[in-house]
There are 2 protein chains.
Amino acid sequence: MNIGRAAEEANLPPKTIRYYEEIDLIRPSRAPNGYRDYSEADLHRLRFLQRARSLGFTIEECRLLLSLYDDHNRASSDVKAIALGKIGAIDRKITELAALRATLTRLVETCHGDDRPDCPIIDDLAGQGARVEP
Amino acid sequence: MNIGRAAEEANLPPKTIRYYEEIDLIRPSRAPNGYRDYSEADLHRLRFLQRARSLGFTIEECRLLLSLYDDHNRASSDVKAIALGKIGAIDRKITELAALRATLTRLVETCHGDDRPDCPIIDDLAGQGARVEP
DNA sequence: TATAGGGATTCCAGCAAATGGAAGGTCAAG
DNA sequence: CTTGACCTTCCATTTGCTGGAATCCCTATA
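Residues numbered from 1 in each chain as written. Chains lettered and ligands numbered in written order. Predicted model: local features only at pLDDT ≥ 70, side-chain atom pairs only at ≥ 80, totals over all residues. Heavy atoms only, no water.

### Brief notes about the packing of aromatic side chains
Residue and element names in this part refer to chain B.
Piece 1. For the coordinates displayed, the defined rule picks out four aromatic pairs over all chains.
Piece 2. Pairing Tyr19 with Tyr20 gives two aromatic rings, centres 6.1 Å apart and planes at 50°, and the pair type is tilted.
Piece 3. Look at Tyr19 and you get partly exposed, because its relative accessible area is 39%.
Piece 4. Residue classification places Tyr20 among the buried positions, given a relative accessible area of 5%.
Piece 5. Measuring from centroid to centroid gives 4.8 Å for Phe48 and Tyr69, while their planes differ by 45°, and the two rings are tilted. Residue Phe48 is found in helix 3 (residues 40-54), and its partner Tyr69 is found in helix 4 (residues 59-70); the two are separated by 21 residues along the sequence. The residues Phe48 and Tyr69 share a single accessibility class, namely buried. (Phe/Tyr/Trp six-rings, centres within 6.5 Å; stacked < 30°, edge-to-face > 60°. Buried < 20%, exposed > 50% of the residue type's maximum accessible area, 1.4 Å probe, protein only. Helix = DSSP H or I, 4+ residues; strand = E, 2+ residues; numbered from the N terminus.)

### Quick word on the domain arrangement of chain A
Piece 1. Segmenting chain A into domains produces domain 1 (3-70) and domain 2 (91-127).
Piece 2. Just the C-alpha atoms count here: the centres of domain 1 of chain A and domain 2 of chain A sit 42 Å apart. (Domains from an automatic or database assignment.)

### What to know about the protein's contact with DNA strand D
Piece 1. Surveying the vicinity of DNA strand D reveals 19 residues, the closest of which are Gly4 and Arg36 of chain A together with Lys15, Thr16 and Arg53 of chain B.
Piece 2. For DNA strand D, the fraction of protein-proximal atoms (within 4 Å) that sit in sugar or phosphate groups is 68%.
Piece 3. At 2.3 Å, a side-chain N or O of Lys15 of chain B approaches a base oxygen of DNA strand D.
Piece 4. With respect to DNA strand D, the backbone of Ile59 of chain B contributes an N or O atom lying 3.5 Å from a phosphate oxygen.
Piece 5. Secondary structure elements with two or more residues in the surface near DNA strand D: helix 1 (3-10) and helix 2 (14-22) of chain A together with helix 2 (14-22) of chain B.
Piece 6. Taken together, the residues of the surface near DNA strand D sort by class into seven nonpolar, six polar and six charged. (Near = heavy atom within 4 Å. Polar contact = N/O pair within 3.5 Å; in protein donor to acceptor, adjacent residues only side chain to side chain. Nonpolar A, V, L, I, M, F, W, Y, C, P; charged D, E, K, R; others polar.)

### Examining unusual backbone geometry
Residue and element names in this part refer to chain A.
Piece 1. One non-glycine residue with positive phi stands out, namely Asp24, at about 65°.
Piece 2. You can see Asp24 is positioned in the loop between helix 2 and strand 1 (29-30).
Piece 3. Given the relative accessible area of 46%, Asp24 is considered partly exposed.

### Structural notes on the interface of chain A and chain B
Piece 1. At the junction of the two partners, chain A supplies 64 residues and chain B supplies 64 residues.
Piece 2. Roughly 5300 Å² is buried in total at the junction of chain A and chain B, and carbon and sulfur atoms are behind 67% of that figure.
Piece 3. Of all residues in chain A, the largest losses of buried area upon contact with chain B belong to Arg51, Leu104 and Leu125 of chain A, amounting jointly to 13% of the total for that side.
Piece 4. At the junction of chain A with chain B, the criterion picks out two salt bridges. (Contact = heavy atoms within 4.5 Å. Buried area = accessible area lost by both parts, 1.4 Å probe. Salt bridge = Lys/Arg side-chain N within 4 Å of Asp/Glu carboxyl O.)

### A word on the packing of helix 4 (residues 59-70) of chain A against helix 5 (residues 76-110) of chain A
Two packed helices can be described by the angle between their axes and the distance between those axes.
Residue and element names in this part refer to chain A.
Piece 1. In contact at an axis separation of 10 Å, helix 4 and helix 5 are set at 160° when each is read in the N-to-C sense. The pairing of helix 4 with helix 5 is recorded here as roughly antiparallel in orientation. As helix 4 packs across helix 5, the resulting crossing turns out to be left-handed. On the side of helix 4, the interface is formed by Glu61, Leu64, Leu65 and Leu68, while helix 5 contributes Asp78, Val79, Ile82 and Lys86.
Piece 2. The residue inventory of the contact of helix 4 with helix 5, partitioned by class, reads five nonpolar, no polar and three charged. (Axes fitted to C-alpha atoms, helices over the stretch in contact; angles between N-to-C directions. Parallel < 35°, antiparallel > 145°, perpendicular 65-115°, else oblique. Left-handed = near helix turned anticlockwise from the far one by under 90°.)

### A few points about the pattern of salt bridges
Piece 1. A complete count under the given rule lists 18 salt bridges over all chains for this structure.
Piece 2. Notably, a salt bridge pairs Glu9 of chain A with Arg5 of chain A, separated by 2.6 Å at the nearest N-O pair. On the criterion of helical spacing, the pair formed by Glu9 of chain A and Arg5 of chain A is a turn pair, its members being four residues apart in helix 1.
Piece 3. The partly exposed category is assigned to Arg5 of chain A, whose relative accessible area is 44%.
Piece 4. For the salt bridge of Glu21 of chain B with Arg36 of chain B, the shortest nitrogen-to-oxygen distance reads 2.5 Å. Of this pair, Glu21 of chain B sits in helix 2 while Arg36 of chain B is found in strand 2 (residues 36-37), placing the two residues 15 residues apart along the sequence.
Piece 5. Taken together, the salt bridges that share partners define one network made up of Arg5, Glu9 and Arg47 of chain A.

This is how it looks when you write it as C-alpha cells:
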C-alpha cells in the first residue's frame, strides 16, 4: 500500500508518516520502484501513533508505548502508569490555563473597550511582571 | 544598565532578552564597551514582554501589543479584542484537554493495571484512530 | 602588575514535531 | 506521447527559546 493510501487509512499526512519513519517509529518495506509499501501491521502502528499523538502523548512516549505494544509480555500496569502520568500533566496544564483565563478575564472586564486610548489591559502589562522563575 | 541586571529586573533570562532583541522586539543602546545598556523605558518593555508571554500571548501578539502600547492614540477596544481572542483560544484549549483527560481516564479505569499483559489502553490505541483532519 | 573571577559579547547548534517547497522519478489514463 | 497525480529525496522553516564555545571586558586582590 502506497503512502497516500496509508495516510488516508491512518488519518495522517504523508509528510508526517515519512517523518515518523525518519525518527524510526515505523519501518515500511519498499516496492521495487522505490515507493514505500505499508503492510497491515504498519497500518496498525500508524493508527496507534495517530491516536496516541491525538491524545497528547509525546513522540518519545509514543515510542515507549509502541515498545510496550510490541512486547506481549509487558504488564498492563506499565501502560497504566504512563497514562496516569499523562492525566496528571493534563490536569496541571488545565489549571495553568484556567489561571491565565481568569487573569485575562479580569483585565478584559476592567477595560471599557471603546475609542479612548486609556486601557487597563495595556496598563497591567506595562505595570508589573508576574513572578516566574527564568 | 547591563543585561544581567535588566534580566533580574524583568525576570527574564539574559539569553531570552538577547533573543528578543534579535527579533526586533527591543533595541537597547550600547555602552562604549559594546555592552547592551538598558534604559528605564527598555525595562518597561521587557517587563511588558515577560508579563504578556506569561499570559500566553505569542511573540507576534506581543509585537502587536507593544505597537499598541507605543501608540498612545489607539483605542482600548483594539487591545480588548486581542485579549478576548486569547480567552477564546484558551477556552478551546481547555475543552480539548478536558476531552483528552476524559478519554484517558476512561481507559485507565478499564485497565486492571496488574502484571498481566492484557491492557485495554494499548488495545484502544491499536484499535481505532480518532478522526482528526490532517 | 599579574591574575583570577564574573560578567559580557558573538556565533553556531539544537529541542519538538512537524510542514513547505524544489527538483526529479513513476505510473495510469486518454 | 503527454498530462497529471503520485512518489522520491533533500533542504529550509516554523516557535521560543536554550546551551555551549571562544573571546572580550571589568574589577579586585595578592
